[in-house]
Amino acid sequence: MSTNGFWTGLRTRDPASQFRFRVVIGGQFIWWAKTCDKPKINIPVLGKDEYYLNSPLPDVHPGEIVDFQPITMTFVDPVEPHEAAVIVEQLNRASNGNFPRIEGQALKDEFGLITISQIDSKGETLERWTLKGAFPTSIDFGSLDYSSSDLVTITMTFEYTAFEVETFAKNKRKLVSLSRSRAPENDDQAKKLDGGWT
């Protein structure tokens, strides 16, 4: 029996812990981030109810178009800086003073790139996720309650158009990018993307 396995061998690094992470939004380290989702991918399943003749099993297969699912972050309101005021200012700039009308690209520019880094006990980066084209789709400024001593939290949900992940192990960096393709520019590209006409 091997003694070099994860549980039986001598570990040189601890496994990743949920509480060791950093969030950077638009170049600013958000030290008051309390919880944070990592990117999520949904692969649709087709043919669940399609059966061939004389076959007891459905013709199940993955769909061709994968969805990037929204992520949610929760922040403690640190008062200094006043996170709620900062967010409202960003929304106001994205609306060019015409809130609630929002300019889509301006909203993306306000929040910029979002990076989520998992770190080890020494503060070194183990893994870094970069969300591109990210923008908030839901903002909850929290609630108040005389019967509770909990901290006030702000919850935000973000959509994004692409992401990449960097891993750091044994002084080696590996970058993997998942990006959505550009819109097709001609019929041949549309057929290649969709497999036919929709």
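Scroll up a little and you will see the structure.
Residues numbered from 1 in each chain as written. Predicted model: local features only at pLDDT ≥ 70, side-chain atom pairs only at ≥ 80, totals over all residues. Heavy atoms only, no water.

Draft legend 1. Region of interest: the overall build of the protein. For the protein, the helix and strand inventory stands at three helices and 14 strands. Burial analysis of the protein (198 residues in total) assigns 26% to the buried set. Sequence separation of 24 or more characterises 58% of the internal contacts of the protein that already satisfy a separation of 6 or more. Surface accessibility of the protein: about 14300 Å² in total, with carbon and sulfur atoms responsible for 52%. (Helix = DSSP H or I, 4+ residues; strand = E, 2+ residues; numbered from the N terminus. Buried < 20%, exposed > 50% of the residue type's maximum accessible area, 1.4 Å probe, protein only. Contact = heavy atoms within 4.5 Å. Areas by Shrake-Rupley, 256 points an atom, 1.4 Å probe, with all protein chains shown as cover.)

Draft legend 2. Examining the packing of aromatic side chains more closely. One pass over the structure, following the stated rule, counts six aromatic pairs. A ring pair is formed by tryptophan 31 and tryptophan 32, whose centres lie 5.2 Å apart and whose planes are at 90°; its orientation type is edge-to-face. We classify tryptophan 31 as exposed; its relative accessible area is 53%. Aromatic side chains phenylalanine 68 and tyrosine 160 sit 5.8 Å apart centroid to centroid with 15° between the ring planes, which places their arrangement in the stacked category. Placement of the pair is phenylalanine 68 in strand β7 (residues 67-69) and tyrosine 160 in the loop between β12 (153-159) and β13 (162-169), with a sequence separation of 92 residues. Under the relative-accessibility criterion, phenylalanine 68 is labelled buried at 10%. An aromatic cluster of three or more residues is present, and its members are Phe68, Trp129, Tyr160 and Phe163. (Phe/Tyr/Trp six-rings, centres within 6.5 Å; stacked < 30°, edge-to-face > 60°.)

Draft legend 3. Quick look at the side chain of threonine 130. In this structure, threonine 130 sits in strand β10 (residues 125-132). Not counting the four nearest positions on each side in its chain, threonine 130 is found in contact with Leu113, Ile114, Thr115, Ala162, Phe163, Glu164 and Glu166.

Draft legend 4. A look at the pairing of strand β1 (residues 21-25). Note that β1 and strand β9 (residues 114-119) share five bridges and pair antiparallel. The residue of β9 that forms the bridge with valine 24 is threonine 115. Sheet topology places β1 next to strand β2 (residues 28-29); two bridges connect them, and they run antiparallel. For isoleucine 25, the partnering residue across the bridge sits in β2 and is glutamine 28. Where β1 hands over to β2, the hairpin turn is made up of two residues, of which glycine 26 adopts a positive phi near 60°. (Pairing = 2+ DSSP bridges.)

Draft legend 5. Examining the sheet that holds strand β11 (residues 135-140) more closely. Here four strands make up an open sheet; going across it, the order is β3-β8-β12-β11 and the pairing antiparallel. Edge positions in the open sheet fall to β3 (33-36) and β11, since each of these has one partner strand only. When the angles between neighbouring strand axes are averaged without regard to direction, this sheet yields 25°. Bridge analysis of strand β8 (residues 71-76) against β12 gives six bridges, and the strand direction is antiparallel. Paired with threonine 72 across the two strands is threonine 157, which belongs to β12. Each of β11 and β12 is contacted by helix α1 (residues 83-94), which is oriented at about 35° to β12, the strand it contacts most. Running at roughly 80° to β11, helix α2 (residues 104-111) makes contact with β11 and β12 of the sheet. (Axes fitted to C-alpha atoms, helices over the stretch in contact; angles between N-to-C directions.)

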